[in-house]
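# Coordinate inspection notes
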Amino acid sequence: MSFNIEKIVRDNVKGLKPYSSARDEYVSDGSQMVFLDANENPFENGVNRYPDPQQRSLKSVLAEQKGVRVENLLLGNGSDEVLDLLFRAFCEPKQDNVITLPPTYGMYKVLSGTNAIENREVLLTADFQPDVESILGKADAQSKLLFICSPNNPTGNSFKSAYIIQLLENFKGLVVIDEAYIDFAEHESWATQLQAYPNLVVTQTLSKAYGMAGIRLGICMASSAVIAVLNKIKPPYNVNELTQARGLQRVNDIEKVQWEVSNILSERNKLTTALQQVPFVQLVYPTDANFVLVKVDDANKRYMELLKMGVVVRNRTTQPLCENTLRFTVGTPEENEKLITVLKELSVS
């Protein structure tokens, strides 16, 4: 498809030259060198040196695992930083707009507000799918980003490929597909389609399937042109040394990650079956994520009851199309058994 990134990059970013750090100007080849270039404390403690600003070792492994080239990757301090960089690179404050599809991940709206960008909301359909006609009707020349969360949070379902293709082919800005939960879905990542759609941006994270929520590491996959723009404005050392080291250790242990994902999926099936037997549960929605959205008789009441019984879940009843719903994350077998036991007790009380 025809797509010119120059038409959507902010003017001030086009001419911007990124900050060149000491570790950008000299990249170690493994030789024993005396580093006197970055005004660091010379006494070795494991973190006295600045980290690799391009996270080369980590990117190399991730590129192979994700089936993309290194130049198609940008890493961030969590996915939220990646999303914020997209706003700052492509959206002119108080002029441009983005489109989001509630119910969806709440940070899109927060970031639009902090960056002074209009957020145009188009509700999902009753079966939690994108309303393609309404989305395209809402878009105009100033619509720079379209956020698609698939599998979607909080609903758990994936969006139909045909709808996403329609949007990729007709939306004039960047289509950002947030795949935080892709590892729990059966279908492949949209990152496999980067060559076909130059306006496609895919974000993922190490917080969910990789179990690394505490280190804050987000992944952005896009054309080399998009990545080059984001590299212009990202902080030089946005991913710290500890995060890089722990992240590299984890992605190199991919067999354990896959085992944990398989366990979560097995537990998800058990939990779904058990939830369907709970009298006050009215509907268990299909899910491709590591959580299950459930419609109950009274979400506020059931949330408080669960809390008193020592189980913390997420009350989503205030979200559009989610009245009287609770979101249950799939825990360990022991945690899930505790939840099921508590739900049974509440049903007979």
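Just above sits the structure.
Right, let's walk through the structure included here. Here the structure is a predicted model, which is why all the values come from computation and not from measurement.

For the rest of this paragraph, the subject is the overall build of the protein chain. Check the secondary structure of the protein chain and you find 12 helices and 11 strands. For 349 residues, the compact-globule estimate of 2.2 N^0.38 gives 20 Å, and the C-alpha radius of gyration of the protein chain, at 22 Å, lies within 12% of that figure. For the protein chain, the C-alpha atoms occupy an extent of roughly 70 × 50 × 30 Å along the three principal directions. The 349 residues of the protein chain split such that 51% are buried. In the protein chain, 69% of the contacts between residues at least 6 apart in sequence involve partners at least 24 apart. Carbon and sulfur atoms provide 50% of the accessible area of the protein chain, an area that totals close to 16,800 Å². Measuring between centres, the 36 positive side-chain charges of the protein chain sit 4 Å from its 42 negative side-chain charges.

Moving on, we come to the pairing of strand β11 (residues 325-329). Taken across its five residues, β11 has four buried, putting it largely inside the fold. Both strand β10 (residues 314-315) and β11 contribute to a ladder of two bridges, which runs antiparallel. Paired with Arg314 across the bridge in β11 is Arg327.

Bringing the nonpolar core into the picture now. The biggest cluster of nonpolar side chains holds 72 residues, and the ones touching the most others in it are Leu101, Leu146, Ile148, Leu306 and Phe328. The greatest single-element share of this core, amounting to six residues, is contributed by helix α10 (residues 254-275). Discounting chain neighbours no more than four positions away, the residues touching Phe328 are Leu271, Leu275, Asn290, Phe291, Val292, Val294, Leu306, Val313 and Leu339. Formed by 30 residues, the second largest nonpolar core is a distinct cluster that contains Val82, Leu83, Tyr108 and Ile227.

Moving on, we get to α10. With 22 residues, α10 should cover 32 Å at 1.5 Å per step; its first-to-last C-alpha distance of 31 Å lies within 8% of that length. Here α10 has its buried residues at Val257, Val261, Ile264, Glu267, Arg268, Leu271, Thr272, Ala274 and Leu275. For α10, the angular spread of the buried residues around the axis is 150°, confining them to a single face. Of the residues in α10, the exposed ones pointing more than 90 degrees away from the buried face are Glu255, Trp259 and Lys270.

Within this structure, the stated rule accounts for 16 salt bridges. Taking the shortest distance from any N to any O, the salt bridge between Asp11 and Lys14 comes out at 3.6 Å. With Asp11 and Lys14 both in helix α1 (residues 11-14) and three residues apart, this pair spans about one turn of that helix. Each of the salt bridges in this network shares a partner with another, and the network as a whole consists of Arg23, Asp37, Glu40 and Arg49.

The subject of this paragraph is helix α11 (residues 299-308). Those residues of α11 that sit buried are Ala299, Arg302, Glu305 and Leu306. Seen end-on, α11 carries its buried residues on one side only, within an arc spanning 130°. Residue Asp298 occupies the N-cap position of α11, its side-chain oxygen lying 3.3 Å from the main-chain nitrogen of Asn300. Backbone geometry just downstream of α11 places Gly310 in the positive-phi region, at approximately 85°.

With that settled, the discussion passes to the side chain of Thr104. Mapped onto the fold, Thr104 is located in the loop between β2 (97-100) and α5 (107-114). Given the relative accessible area of 14%, Thr104 is considered buried. For Thr104, the side chain forms a polar contact with the side chain of Asn152, separated by 3.5 Å. Apart from the residues within four sequence positions on either side, Thr104 is in contact with Cys149, Asn152, Asn153 and Pro154.

Parameters and conventions
- Residues numbered from 1 in each chain as written.
- Predicted model: local features only at pLDDT ≥ 70, side-chain atom pairs only at ≥ 80, totals over all residues.
- Heavy atoms only, no water.
- Helix = DSSP H or I, 4+ residues; strand = E, 2+ residues; numbered from the N terminus.
- Rg over C-alpha atoms; globule rule 2.2 N^0.38 Å.
- Buried < 20%, exposed > 50% of the residue type's maximum accessible area, 1.4 Å probe, protein only.
- Contact = heavy atoms within 4.5 Å.
- Areas by Shrake-Rupley, 256 points an atom, 1.4 Å probe, with all protein chains shown as cover.
- Lys, Arg positive; Asp, Glu negative; His and termini not counted.
- Charge placed at Lys NZ, Arg CZ, Asp CG, Glu CD.
- Pairing = 2+ DSSP bridges.
- Core = buried A, V, L, I, M, F, W, Y, C linked by side-chain atoms within 4.5 Å.
- Expected span 1.5 Å × (residues − 1).
- Arc of directions from axis to C-beta.
- Salt bridge = Lys/Arg side-chain N within 4 Å of Asp/Glu carboxyl O.
- Polar contact = N/O pair within 3.5 Å; in protein donor to acceptor, adjacent residues only side chain to side chain.

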